[in-house]
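Chain residues, written in single-letter form:
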Amino acid sequence: MPAANGLQISGRLALITGASGGIGEAFAQVLAGDNWDLVLVARNENELNRVRGLIAAKFPNRQITVFPLDLCRPDAGAVLFEELKQRQMSPVVLVNNAGYGIYGRTAELPYEQQIGVVDLNVRALSDLTLRLLPDMVARKNGGIINVASTAAFVPGPFMSLYYASKAYVLSFSEALAAELEGSGVTVTVLCPGPVRTGFQERAQMQSIKFMRYLRGPSAYDVALEGWEAFKQRRRIIIPGTLNKVSAYAGRYLPRWFTLPIMKFLQTPAGKKPRT
């Protein structure tokens, strides 16, 4: 698969997590349109089948396999890896998209939901990467797209675990990309800002003051930009000029400056920040 900067990938099977909606579904549409076969993973079997049906109708020559699986399960990576081996399926590209956040005061939010953020956003992403990466390196072929967020660049009061998990994804991805220079394996980390998906509703973010004013890009546009960046061997892609400015401001400005701003912006509407 030639790309603008000469990237060559042989084999056309991609594994996409969180593929039942949002950016994951959009990646499935983008890759299918680029002549890739797909392995789609998510918890919701009905939604996975919906996505498969939509893609099959549009791209009838694509092979689409769905695995309904809750990646928060401690054994999820092992279960999925064994299924792939039994079916003699070897993904050349891994899109680690699955993730969620939860909004509120950390001390007051349900433990199970909060620890689930770590399980899915950090452990599951790392698990699948560690399982699939050795074959990519051995073949000198393929790569990984990790979906982080502009949240990766700053701490996030009232979404502390989500922001921290995305900082992990960014750091892990950048380190891997540096390690793999010259190996034939590409690692790209996609850091979108707010996107028009169901993420905000699931995270219960409707009461954040500034969210009501944001109208982000479509999930498809974000996935397409991420895919094109991957093919160009780019390490970090931040869609949108404003998102680039805010992300790099968050990276280089001191915490004593950014933390009060983030706390003010994310304090639930109608409540004063605690001091």
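Residues numbered from 1 in each chain as written. Predicted model: local features only at pLDDT ≥ 70, side-chain atom pairs only at ≥ 80, totals over all residues. Heavy atoms only, no water.

1. What to know about the overall build of the protein
The secondary structure content of the protein amounts to 9 helices and 7 strands. Out of the 275 residues in the protein, the part that is buried amounts to 51%. For the protein, the computed accessible surface area is about 12900 Å², with 55% contributed by carbon and sulfur atoms. (Helix = DSSP H or I, 4+ residues; strand = E, 2+ residues; numbered from the N terminus. Buried < 20%, exposed > 50% of the residue type's maximum accessible area, 1.4 Å probe, protein only. Areas by Shrake-Rupley, 256 points an atom, 1.4 Å probe, with all protein chains shown as cover.)

2. Structural notes on the side chain of Thr17
By the secondary structure assignment, Thr17 is in strand β1 (residues 13-17). At 2.9 Å, the side chain of Thr17 and the backbone nitrogen of Ala98 are in polar contact. Excluding residues that lie within four positions of it along the chain, Thr17 makes contacts with Gly24, Val41, Leu71, Val95, Asn96, Asn97, Ala98 and Leu128. (Polar contact = N/O pair within 3.5 Å; in protein donor to acceptor, adjacent residues only side chain to side chain. Contact = heavy atoms within 4.5 Å.)

3. Quick notes on the environment of Ala56
Note on placement: Ala56 falls in helix α2 (residues 45-58). Residue class for Ala56 comes out partly exposed when judged on its relative accessible area of 32%. For the pair Ala56 and Gln29, spaced 27 residues apart in sequence, the C-alpha separation works out to 9.9 Å.

4. Focus: the pattern of salt bridges
Throughout the structure, instances matching the rule amount to 13 salt bridges. Arg123 serves as the salt-bridge partner of Asp119, at 3.8 Å between the closest nitrogen and oxygen. Of this pair, Asp119 and Arg123 both sit in helix α4 (residues 111-139), 4 residues apart, which is roughly one turn of the helix. With a closest N to O distance of 2.3 Å, Arg235 and Glu181 form a salt bridge. Residue Arg235 is found in the loop between α7 (219-231) and β7 (236-237), and its partner Glu181 is found in the loop between α5 (160-179) and β6 (186-190); the two are separated by 54 residues along the sequence. (Salt bridge = Lys/Arg side-chain N within 4 Å of Asp/Glu carboxyl O.)

5. Focus on the packing of aromatic side chains
Evaluation of the coordinates by the stated rule reveals 8 aromatic pairs. The interplanar angle of 80 degrees and the centroid separation of 6.1 Å between the aromatic rings of Tyr162 and Tyr163 together place this pair among those described as edge-to-face. One exposure class covers both Tyr162 and Tyr163, and it is buried. Taken together, the ring pairs connect Trp36, Trp227 and Phe230 into an aromatic cluster. (Phe/Tyr/Trp six-rings, centres within 6.5 Å; stacked < 30°, edge-to-face > 60°.)

6. What about the sheet that holds β7?
Taken together, 7 strands build an open sheet; the order of strands is β3-β2-β1-β4-β5-β6-β7 and the sheet is parallel. Each edge of the open sheet is held by one strand with a lone partner, namely β3 (64-68) and β7. Relative to strand β4 (residues 93-96), β1 is paired through 3 bridges, and the arrangement is parallel. What sits directly across from Ile16, in β4, is Val95. Set on the sheet, α2 makes contact with β2 (37-42) and β3; between it and β3 the angle comes to about 170 degrees. (Pairing = 2+ DSSP bridges. Axes fitted to C-alpha atoms, helices over the stretch in contact; angles between N-to-C directions.)

7. Let's talk about the pairing of β6
Counting buried positions over the 5 residues of β6 gives 5, a clear majority of the element. Residues Thr186, Thr188 and Leu190 of β6 are buried on one face, and the alternating residues Val187 and Val189, pointing to the opposite face, are buried as well. Here strand β5 (residues 143-147) runs beside β6; their pairing, made up of 5 bridges, is parallel. Across the sheet, Val147 pairs through a bridge with Leu190, a residue of β6.

8. Examining the nonpolar core
Among the nonpolar cores identified, the biggest contains 41 residues, and Leu15, Val39, Val41, Leu71, Leu80, Leu84 and Cys191 are the most heavily contacted of them. Of the residues forming this core, the biggest block, 8 residues, is contributed by α4. Of all hydrophobic cores here, the second largest spans 33 residues; its members include Ala32, Leu48, Val51 and Ile64. (Core = buried A, V, L, I, M, F, W, Y, C linked by side-chain atoms within 4.5 Å.)

9. So, the pairing of β3
Buried residues dominate β3, accounting for 4 of its 5 residues. Crossover β2 to β3 through α2 is right-handed. (Right-handed = clockwise from strand over helix to strand, strands pointing away.)

10. Details of unusual backbone geometry
With a phi close to 55 degrees, Lys140 is a non-glycine residue in the positive phi region. By secondary structure assignment, the location of Lys140 is in the loop between α4 and β5. Residue classification places Lys140 among the exposed positions, given a relative accessible area of 63%. A positive phi angle, close to 75 degrees, is found at Phe158, a residue other than glycine. Topologically, Phe158 is positioned in the loop between β5 and α5. When its relative accessible area of 8% is taken as the criterion, Phe158 is described as buried.

11. So, the confidence of the model for the protein
Averaged over all residues, the pLDDT of the protein is 88; the fraction at 70 or higher stands at 86%. Of the regions scoring below 50 in pLDDT, residues 1-6 engages in 13 contacts with residues more than four places distant in sequence or in other chains. Below a pLDDT of 50 lies the segment residues 202-207, which in the model reaches 20 contacts outside its immediate sequence neighbourhood of four places, other chains included. (pLDDT = per-residue confidence, 0-100.)

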